[in-house]
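Spelled out, the chains give:
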Amino acid sequence: MARMRALLNALLPASRRAPDGPPKPPPVRRQHNLFEAAATYVVGCVEEDQDQIDEAVTWVSPEALSFGINELACRAVIALARERGESPQTVARSLLGLPGPPAA
């Protein structure tokens, strides 16, 4: 048994040294919320930055990302409608290049 230990010590120098200290914990990843992910994803799309898009999709589930993008779109349309003094429907259709809303 002692011979085996000596052989292992000779072959594995790390086993002969005392550790440098307590093991370092893995780096803590900051948690991102779904609105951060949605904003980063949309900006990545606008700027055609695939790395930014790829990073954002790892932050939250696909369902949460979809919800965040939907919420961002709603808020953007409302803000633009207020700024332009138009209805949200008119603004949304205009942004998508659609003709005006159908007559009632």
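Residues numbered from 1 in each chain as written. Predicted model: local features only at pLDDT ≥ 70, side-chain atom pairs only at ≥ 80, totals over all residues. Heavy atoms only, no water.

Student: Break down a nonpolar patch on the surface for me, citing the residues and quoting the values.
Tutor: A cluster of nonpolar residues, Leu-95, Leu-96 and Leu-98, forms a patch on the protein surface that exposes about 310 Å² of accessible area. Turning to its location among the elements, Leu-98 is positioned in the segment after helix H5 (88–95). (Patch = residues over 30% accessible without salt bridge, like charges linked within 9 Å, V, L, I, M, F, W, Y side chains within 5 Å. Areas by Shrake-Rupley, 256 points an atom, 1.4 Å probe, with all protein chains shown as cover. Salt bridge = Lys/Arg side-chain N within 4 Å of Asp/Glu carboxyl O. Helix = DSSP H or I, 4+ residues; strand = E, 2+ residues; numbered from the N terminus.)

Student: Lay out helix H2 (residues 34–46) in plain terms, naming residues and giving numbers.
Tutor: Its 13 residues give H2 an end-to-end C-alpha distance of 18 Å, which sits within 8% of 18 Å, the value for a rise of 1.5 Å per residue. Those residues of H2 that sit buried are Ala-37, Ala-38, Thr-40 and Gly-44. Burial along H2 is one-sided: seen end-on, the buried residues are contained in an arc of 170°. The elements touched by buried residues of H2 are helix H3 (50–57) and helix H4 (62–84). Where H2 ends, the next residue or the one after it, Glu-48, has phi of about 50°, a positive value. (Expected span 1.5 Å × (residues − 1). Buried < 20%, exposed > 50% of the residue type's maximum accessible area, 1.4 Å probe, protein only. Arc of directions from axis to C-beta. Contact = heavy atoms within 4.5 Å.)

Student: So what's going on with the packing of aromatic side chains? Residues and values would help.
Tutor: Under the defined criterion, the tally for this structure stands at 0 aromatic pairs. Directly above the ring of Phe-35 sits Arg-75, whose terminal nitrogen or CZ lies 5.3 Å from the centroid. (Phe/Tyr/Trp six-rings, centres within 6.5 Å; stacked < 30°, edge-to-face > 60°. Lys NZ or Arg CZ within 6 Å of the ring centre and 35° of its normal.)

Student: I'd like a rundown of the confidence of the model for the chain, residues and numbers included.
Tutor: For the chain, the mean per-residue pLDDT works out to 86, and 78% of the residues sit at or above 70. Averaged over each element, pLDDT in the chain is lowest for helix H1 (residues 2–11) (66) and highest for H4 (97). (pLDDT = per-residue confidence, 0-100.)

Student: Go over H4 with me, naming the residues and quoting the values.
Tutor: With 23 residues, H4 should cover 33 Å at 1.5 Å per step; its first-to-last C-alpha distance of 33 Å lies within 8% of that length. In this fold, the buried residues of H4 make contact with H2, H3 and H5. Remark: Gly-85 follows H4 within two positions and exhibits a positive phi of approximately 70°.

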